[in-house]
Amino acid sequence: MAALSEEQLRKEFEKLDKSKDGTITVDELRTYYLPMQDMLGISPQLAELEIQGLLKKLDNDHDEKITFDEFKQLLQKK
């Protein structure tokens, strides 16, 4: 699988950054994940665990926000 370009990464990041402040918050992650939870039949508890796991994996400076650089680092590792 080909790596995503900087522009593609930015577009994906901006889909999650609803407030357009340059960070993805826990609430923005929930806004993204909770509709999928219903569609896939995942319990709210499992969805919350996924959200918290993503935050823990992505939020390198532990400010409970994901910056574009943090987002990019994880996706470029794959």
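Right above here is the structure, for reference.
An account of the accompanying structure is given in this report. Remember, predicted model here, so these are calculated numbers, not experimental data.

## Quick notes on the overall build of the protein
Counting its secondary structure elements, the protein contains 4 helices and 2 strands. Here the protein has a C-alpha radius of gyration of 13 Å; the compact-globule value for 78 residues is 12 Å, and the two agree. Across its three principal axes, the protein shows a C-alpha extent of roughly 35 × 30 × 20 Å. Among the 78 residues that make up the protein, the fraction classed as buried is 27%. In the protein, 47% of the contacts between residues at least 6 apart in sequence involve partners at least 24 apart. For the protein, the exposed area adds up to about 5,600 Å²; of that, 55% sits on carbon and sulfur atoms. Looking at charge distribution, the protein has the averaged site of its 12 positive side-chain charges lying 4 Å from that of its 17 negative ones.

## Let's talk about the packing of helix α2 (residues 26–40) against helix α3 (residues 44–58)
Contact geometry for α2 and α3: axes closest at 10 Å, N-to-C directions at 140 degrees. When the axis of α2 is compared with that of α3, the two are oblique. Crossing geometry of α2 relative to α3 is assigned as right-handed. Residues V26, L29, R30, Y33, L34 and Q37 of α2 form the contact with α3, whose participating residues are P44, A47, E48, I51, Q52, L54 and L55. Its residues placed into classes, the contact of α2 with α3 shows 9 nonpolar, 2 polar and 2 charged.

## Description of helix α1 (residues 6–16)
Given 3.6 residues per turn, any residue in an α-helix points the same way as the ones three and four places further on. Restricting attention to buried positions, one finds in α1 the residues L9, F13 and L16. Mapping the buried residues of α1 onto a view down its axis gives an arc of 55 degrees, with all of them on the same face.

## Concerning the pattern of salt bridges
Under the definition given, this model contains 5 salt bridges. A salt bridge links D27 to R30, with the shortest nitrogen-to-oxygen separation between them at 3.1 Å. Here R30 and D27 lie together in helix α2, a separation of 3 residues that amounts to about one turn. A residue is classified by how much of its surface remains accessible, and D27, at 51% relative accessible area, is exposed. Several salt bridges converge on common partners, so that one network encompasses D27, R30 and E48.

## Here's the deal with the environment of S43
Structurally, S43 is set in the loop between α2 and α3. When the C-alpha atoms of S43 and D27 are compared, they prove to be 17 Å apart, with 16 residues separating the residues in sequence.

## Re the nonpolar core
Side chains of nonpolar character tend, in soluble globular proteins, to be buried together. F13, I24, L29, I66, F68 and F71 are the most contacted members of the largest nonpolar core, which has 13 residues in total. Secondary-structure elements contributing two or more residues to this core are α1, α2, α3 and α4 (68–77). If we skip the residues at most four places from it in the chain, F68 touches E6, L9, R10, F13 and G22.

Rules used in this analysis
- Residues numbered from 1 in each chain as written.
- Predicted model: local features only at pLDDT ≥ 70, side-chain atom pairs only at ≥ 80, totals over all residues.
- Heavy atoms only, no water.
- Helix = DSSP H or I, 4+ residues; strand = E, 2+ residues; numbered from the N terminus.
- Rg over C-alpha atoms; globule rule 2.2 N^0.38 Å.
- Buried < 20%, exposed > 50% of the residue type's maximum accessible area, 1.4 Å probe, protein only.
- Contact = heavy atoms within 4.5 Å.
- Areas by Shrake-Rupley, 256 points an atom, 1.4 Å probe, with all protein chains shown as cover.
- Lys, Arg positive; Asp, Glu negative; His and termini not counted.
- Charge placed at Lys NZ, Arg CZ, Asp CG, Glu CD.
- Axes fitted to C-alpha atoms, helices over the stretch in contact; angles between N-to-C directions.
- Parallel < 35°, antiparallel > 145°, perpendicular 65-115°, else oblique.
- Left-handed = near helix turned anticlockwise from the far one by under 90°.
- Nonpolar A, V, L, I, M, F, W, Y, C, P; charged D, E, K, R; others polar.
- Arc of directions from axis to C-beta.
- Salt bridge = Lys/Arg side-chain N within 4 Å of Asp/Glu carboxyl O.
- Core = buried A, V, L, I, M, F, W, Y, C linked by side-chain atoms within 4.5 Å.

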